[in-house]
Amino acid sequence: MAKFKKNMHMHTTEKKNKGRHSFWKCCTAAVLAVVLAASVFPASAKMSIRAETIAKAKYPKMAAYPDESSYIKESGDFDSDGFSKAYDAWNKSRRRQLDQPEGYADGLESFYRQTMRQFLSGAKNTNRIYSPLNVYMALGMLAEMTAKDSRRQVLDLLGSKNMQALRTQASALWNANYCDDGAVSSLLASSLWLSKDVKFKQSTLDQIADTYYASSYRGKMGSDAFNKTFRNWLNKQTGGLLKKQVAQTELSSDTILALATTIYFRAKWHDEFSKSSTSQDVFHAISKDIKCSFMHQSDVRSYYWGNKFTAAAQSLEKSGAMWFILPEKGVSIDELLADKQLTEFILAGNSWKNSKSVHLNLSVPKFDVNSSLDLREGLKKMGVIDVFNRTASDFSSISSTQRLYVSKASHDARVKIDEEGCSAAAYTVIAADGAGIPESEEEVDFVLNRPFLFVITGASEQPLFVGVVNQP
């Protein structure tokens, strides 16, 4: 798979004197929490009350994007030298995160194709959302904790030959999608939550901290104090956007370990929609027509197509884009998800061969969609089997004294878009008991008034969220 082409609106090609928005007039927020919990079989013993840090991850430090207003002198003159120095520091910091080995994303196509089809198909007239990158990181941590066939099945799904290959790729993916510069928030975080009375292998905890930036905490499983600490961590890492879901999450007294990974993404549209252009129209859902608010924007941009779809992108400021993918008439969402060309398009992005510059009249329904998925059967169908079996599961890489197996794997997500931007949140639990484009004369109406797909990408153009909108 070819390395992704950088978005034409990437900040590294911007003029240094371009002003910075000091507040989020328009934003994209995406939050995903993935929790894997493994419990003993049989039940665990008593544990201590207080959470103790036993492995600490060190997160990258990035230079802040300079606020132009901060470089205006008392005289009213602009401190161009000071601004340029701060801009260069920011640019260097940003490039360091994006500068990953050539081909670091190679081999992911199969994982994306299998999991998107597995977890998004069969929605019928409901909506579904899935975050490939976050689930990849969670499964990577699961591979670190397992061994033999339990590990091999996870590696096969992730497309990794061995643990070293997985660690190299996971680290590159993590860093390429991490940004904390004040202009864009694309924050990834991980953690491990461990029983006080069970012995875990420190070398594994250190490896997970190094590769997945996961801090490890130990305490009394099932206690109010430990659950409160766990929820506080989730709320902090997800910007408080999932408080309702987090409040219902707890680690039981039977839990031996839990791992959590989160993504918090926030960026503004490169060109926001005008509220005055929003109007009521009809969305043709599978079961019935729905009247809803459609946002409109007309400009010259690239228009894409494949054998079974057409597509357009709405760029995000200093980040990736939100892609809207419309199946051809007569093609169902499930049929499109089964088409290998769809994954190829998602990974190719702006470099997709079938594209042309047109005057695009974009009509997008404002939507607020959510979904709840049970991942267990899907993971089994894709070959991850042993971790769910009480006798076959092998978690010896994390503990040689306890028998662990996964008993729950669920995925809850929500995505909302309006004229200013989009907000997205997802929460996955896996628990174990025991710039300019030339003008074109052609004009295209791209109206999303029937079921469609969307993809949210970050600066690396990796798909952070993929969803099906059957009812806006």
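See the structure shown above.
These notes cover the structure that comes with them. (Residues numbered from 1 in each chain as written. Predicted model: local features only at pLDDT ≥ 70, side-chain atom pairs only at ≥ 80, totals over all residues. Heavy atoms only, no water.)

1. Concerning the pairing of strand β11 (residues 321-327)
This is how it is decided: Relative accessible area decides the class of each residue, using a 1.4 Å probe on protein chains only: under 20% of the type maximum gives buried, over 50% gives exposed, and in between gives partly exposed. We count a stretch as a helix when DSSP gives it H or I for four or more residues in a row; a strand needs E for two or more, and each element gets its number in order from the N terminus. One bridge is not enough; two strands pair if DSSP finds at least two bridges between them.
Among the seven residues of β11, seven are classified as buried, and the element is accordingly described as predominantly covered. Going residue by residue along β11, you find Ala321, Trp323, Ile325 and Pro327 tucked away on one face and Met322, Phe324 and Leu326 tucked away on the opposite face as well. Two elements, strand β10 (residues 309-315) and β11, share seven bridges in a ladder whose sense is antiparallel. Its bridge partner being in β11, phenylalanine 309 is matched across the sheet by proline 327.

2. Points about the packing of helix α3 (residues 132-145) against helix α6 (residues 202-212)
Put simply, the test is: Lines fitted to C-alpha atoms define the axes here, with helix axes fitted over just the stretch in contact, and angles between the N-to-C directions of these axes take values from 0 to 180 degrees. Any angle from 65 to 115 degrees is called roughly perpendicular, while one under 35 is roughly parallel, one over 145 is roughly antiparallel, and all others are oblique. Two helices cross in a left-handed way if the nearer one is turned anticlockwise from the farther one by less than a right angle. They cross in a right-handed way if the turn is clockwise. Any two residues having at least one pair of non-hydrogen atoms within 4.5 Å are treated as being in contact. Classification used: nonpolar for Ala, Val, Leu, Ile, Met, Phe, Trp, Tyr, Cys and Pro, charged for Asp, Glu, Lys and Arg, polar for all others including Gly.
The contact between α3 and α6 brings their axes to 10 Å, and the two run at 155 degrees. Accordingly, the angle class assigned to the pair α3 and α6 is roughly antiparallel. Read as a crossing pair, α3 and α6 show a hand that is right-handed. Contacts from Met137, Gly140, Met141, Glu144 and Met145 in α3 reach Thr204, Gln207, Ile208 and Tyr212 in α6. Its residues assigned to classes, the contact of α3 with α6 shows five nonpolar, three polar and one charged.

3. Re the packing of aromatic side chains
Stated formally: Two aromatic rings, drawn from Phe, Tyr or Trp (for Trp, its six-membered ring), form a pair once their centres lie within 6.5 Å of each other, and the interplanar angle then sorts them: stacked below 30 degrees, edge-to-face above 60, tilted otherwise. A ring is considered to have a charge above it if a Lys NZ or an Arg CZ atom is located within 6 Å of its centre and within 35 degrees of its normal.
Tallied over the full model, the rule gives 31 aromatic pairs. Relative to tryptophan 305, the ring of tyrosine 303 lies with its centre 6.4 Å away and its plane at 35 degrees, an arrangement referred to as tilted. Residue classification places tryptophan 305 among the partly exposed positions, given a relative accessible area of 30%. Chaining the aromatic ring pairs together yields one cluster made of Tyr65, Tyr71, Phe78, Phe83, Tyr87 and Trp90. When the ring centre of tyrosine 65 is taken as reference, the NZ or CZ atom of lysine 318 above it lies at 4.8 Å. Taking the ring centre of tryptophan 305 as reference, the NZ or CZ of lysine 356 above it sits at 5.6 Å.

4. What to know about the packing of helix α4 (residues 148-158) against helix α5 (residues 163-176)
Where α4 meets α5, the closest approach of the two axes is 11 Å, and the angle between their N-to-C directions is 45 degrees. Viewed along their axes, α4 and α5 adopt a mutual orientation that is oblique. Viewed along their axes, α4 and α5 form a crossing whose handedness is left-handed. Where α4 approaches α5, its residues Arg151, Leu155 and Leu158 are matched on the opposing element by Met163, Leu166 and Gln169. Its residues placed into classes, the contact of α4 with α5 shows four nonpolar, one polar and one charged.

5. Regarding α4
Looking at α4, one finds that the buried residues are Ser150, Arg151, Gln153, Val154, Leu155, Leu157 and Leu158. Each element contacted by the buried residues of α4 is listed here: α2 (109-120), α3, α5 and α11 (376-381). Directly after α4, the chain includes glycine 159, whose backbone phi takes a positive value near 80 degrees.

6. A word on the environment of isoleucine 290
Among the structural elements, isoleucine 290 can be located in strand β9 (residues 289-305). Setting aside residues no more than four positions away along its own chain, isoleucine 290 makes contact with Asp281, Val282, Phe283, Ala285 and Gln471.

7. Some details on the side chain of serine 216
Mapped onto the fold, serine 216 is located in strand β6 (residues 214-219). Residue class for serine 216 comes out buried when judged on its relative accessible area of 0%. Here serine 216 is in contact with Glu52, Thr53, Ile54, Ala55, Leu192, Leu194 and Leu205, once residues within four sequence places are set aside.

8. Overview of the environment of glutamine 314
Selection criterion: Side-chain atoms alone can form a polar contact between residues adjacent in sequence; in general such a contact is a pair of N or O atoms within 3.5 Å, and within protein one must be able to donate a hydrogen while the other accepts it.
Tracing the chain through its elements places glutamine 314 in strand β10. You can call glutamine 314 buried: its relative accessible area is 3%. In sequence terms glutamine 314 and tryptophan 269 are 45 residues apart; their C-alpha atoms lie 7.3 Å from each other. Among all residues touching glutamine 314, those that are not within four sequence positions of it are Trp269, Asp271, Phe273, Gln297, Arg301, Ala321, Met322, Phe324 and Leu362. In this structure the side chain of glutamine 314 is engaged in a polar contact, spanning 3.0 Å, whose partner is the side chain of arginine 301.

9. Some remarks on the pairing of β10
With seven of seven residues buried, β10 lies mostly within the body of the structure. Alternating positions in β10 separate into two faces, Phe309, Ala311, Ala313 and Ser315 on one and Thr310, Ala312 and Gln314 on the other, with burial throughout. Where β9 lies against β10, two bridges are found, and the strand directions are antiparallel. Across the sheet, the residue bridging to tyrosine 304 is alanine 311, located in β10. Two successive antiparallel strands, β9 and β10, enclose a turn made up of three residues. With antiparallel pairing between neighbouring strands as the criterion, β10 and β11 make up a hairpin whose turn holds five residues, including lysine 318 at a positive phi of roughly 55 degrees.

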